[in-house]
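Listed here are the chains, written in short residue letters.
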Amino acid sequence: MVMEAENSFIDAVVDLYRAKDWRSIVLLNEHSNNEAALRLLWVWPSLENVEFIRRTLCESNLSGMISIGCGCGLLEWILQEATGFKVFGIEVNEEWWISKYSNPKFIPHLYPTAEEPNPVLNPNFALLFCYFNDGQAFKEYVDRYEGCLIVIIGPGEGRGTHTDPEPFKPDFGIYSRWNLLSFQEVKTTKDFIAVYQRQQ
Ligand SMILES: C[S@@+](CC[C@H](N)C(=O)[O-])C[C@H]1O[C@@H](n2cnc3c(N)ncnc32)[C@H](O)[C@@H]1O
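Residues numbered from 1 in each chain as written. Predicted model: local features only at pLDDT ≥ 70, side-chain atom pairs only at ≥ 80, totals over all residues. Heavy atoms only, no water.

Peer 1: What's the story with a nonpolar patch on the surface in this structure? I'm lost.
Peer 2: A cluster of nonpolar side chains, contributed by F168, L180 and F183, occupies part of the molecular surface with about 280 Å² of accessible area. If you trace the backbone, L180 turns up in strand β6 (residues 178-185). The class of L180 is partly exposed, set by a relative accessible area of 40%. (Patch = residues over 30% accessible without salt bridge, like charges linked within 9 Å, V, L, I, M, F, W, Y side chains within 5 Å. Areas by Shrake-Rupley, 256 points an atom, 1.4 Å probe, with all protein chains shown as cover. Salt bridge = Lys/Arg side-chain N within 4 Å of Asp/Glu carboxyl O. Helix = DSSP H or I, 4+ residues; strand = E, 2+ residues; numbered from the N terminus. Buried < 20%, exposed > 50% of the residue type's maximum accessible area, 1.4 Å probe, protein only.)

Peer 1: Can you help me understand the site of the ligand in this one?
Peer 2: Surveying the vicinity of the ligand reveals 15 residues, the closest of which are W42, G69, E91, C130 and Y141. Taking E91, its side chain carries an N or O atom lying 2.5 Å from an oxygen atom of the ligand. Taking Y141, its side chain carries an N or O atom lying 2.7 Å from a nitrogen atom of the ligand. Within the complex, 81% of the 600 Å² of free accessible area of the ligand lies under protein. Class assignment for the residues of the shell around the ligand results in eleven nonpolar, three polar and one charged. (Near = heavy atom within 4 Å. Polar contact = N/O pair within 3.5 Å; in protein donor to acceptor, adjacent residues only side chain to side chain. Nonpolar A, V, L, I, M, F, W, Y, C, P; charged D, E, K, R; others polar.)

Peer 1: Quick question: what am I supposed to make of the sheet that holds strand β7 (residues 191-198) here?
Peer 2: Where strands meet in a sheet, backbone hydrogen bonds hold them as pairs that are either parallel or antiparallel. The strand order across the open sheet formed by seven strands is β3-β2-β1-β4-β5-β7-β6, and the pairing between neighbours is mixed. In this open sheet, the two edge strands, each paired with only one partner strand, are β3 (109-110) and β6. Sheet analysis places strand β1 (residues 64-68) next to strand β4 (residues 125-130), joined by five bridges and oriented parallel. Residue pairing for β4: M65 is matched across the bridge by A126. (Pairing = 2+ DSSP bridges.)

Note that all results are geometric; they support no functional claim without further evidence.
Next up, the structure:
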């Protein structure tokens, strides 16, 4: 029964994705209380959140975002369609993502390899970490990134979930110098979008 509800929710999302109707996808889980949505995304943004990210990219004169650990890439596709900015997604475990058991993918993945450990960490793009959970890998990505903006989405106080980095206590490593530029709550979920800018 639960599985059926989850599948029909995912089918509805895929239909809207095919119709390029990102706005209806956002509204499909407007109150972030649809359990099935968790199979696709840890954080379901509001229209206001999407606009916050669009404005942030515009004000920083960037060309788009590179999402590290993008999962199925639904958030990234929504952002790409809604903002007009290009959004790339980096993932690990290619075998899983191309298997028949994985969720549908909404953007193509880039996979780091031994020869190319960080595909296209273009400095004209912001880095995005949404519910990322590997602090050491986070620091390695940050070390190799020469751009000016990092966006972290994750839980604030009292949310009851854990990420590494956390949006308000990220460990950038001893040589990095990043300042919190702005933030916005994802609806009233206690998840936050935190934007960090490299110190001049
Ligand atoms: C908790 S999931 C979050 C997925 C998605 N961002 C979301 O918010 O729904 C963390 C994702 O990070 C990916 N991941 C873990 N280590 C990674 C690494 N070193 N580089 C890229 N992705 C990584 C995992 O495969 C997983 O899909």
